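These are the residues of each chain, in order.
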Amino acid sequence: MITLIINLGIGVFISVLGMINMTGNISSLHWYHRQRVTEEDRKPFGKLVGLGTLIIGIAIIIFGVLLFATEKTQVRIYAIIGVVELIAFMAGGLALTFYAMIKYNKGIF
C-alpha cells in the first residue's frame, strides 16, 4: 500500500508541474531555460516540456497502480507490464522534453 501512495504522490506532483508548464508558465524550469527561450516561444516551449513532464507523471501513476495490483493478486505479470510501461513512457516524455529544449534553447545545456 505504501508503494501505491508514494507512486501516486510523486506522479500527481509531476503531472501538476507538467500542466502548469503547459499553460506557458515555465517558472518551475531551470533559470537557464527561462533565460534562453524568447517571449514568443514560451508558450510552445512550455507546452512541449509540460506534455513530456505530464507523460512521465502519468507513467509513474500507472506504474504504482500496477505494482499495487501485483501486491494484491500475486500475479507478477502486472509488475512486468508496469516496468515496460514506465520505461517506454519515460523515454517518450524525456525525448519530447529534450526535443523542446533543443528546438527552443538551441541545446539542453
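Preceding block: the structure.
First things first, this report covers the structure right here in the doc. (Residues numbered from 1 in each chain as written. Predicted model: local features only at pLDDT ≥ 70, side-chain atom pairs only at ≥ 80, totals over all residues. Heavy atoms only, no water.)

Here we take up the nonpolar core. Core analysis: the biggest nonpolar cluster contains 9 residues, these being I26, L29, V37, F45, L48, V49, A100, M101 and Y104. Those elements giving two or more residues to this core turn out to be α3 (42-73) and α4 (77-105). Those residues in contact with F45 that sit more than four places away from it in its chain are I26, L29, H33, V37, A100, M101, Y104 and N105. Counting 6 residues, the second largest nonpolar core, distinct from the first, contains I56, A59, I60 and L86. (Core = buried A, V, L, I, M, F, W, Y, C linked by side-chain atoms within 4.5 Å. Buried < 20%, exposed > 50% of the residue type's maximum accessible area, 1.4 Å probe, protein only. Helix = DSSP H or I, 4+ residues; strand = E, 2+ residues; numbered from the N terminus. Contact = heavy atoms within 4.5 Å.)

Compared with the 30 Å implied by 1.5 Å per residue over 21 residues, the 30 Å span of helix α1 (residues 2-22) between its first and last C-alpha is a close match. Every buried residue of α1 is accounted for by L4, N7, G11, I14, S15, G18 and N21. Seen along its axis, α1 keeps its buried residues to an arc of 125°; they face one direction. Pointing more than 90 degrees away from the buried face of α1 are the exposed residues I2 and F13. Buried residues belonging to α1 abut α3. Looking one or two residues past α1, G24 carries a phi angle of roughly 105°, positive in sign. (Expected span 1.5 Å × (residues − 1). Arc of directions from axis to C-beta.)

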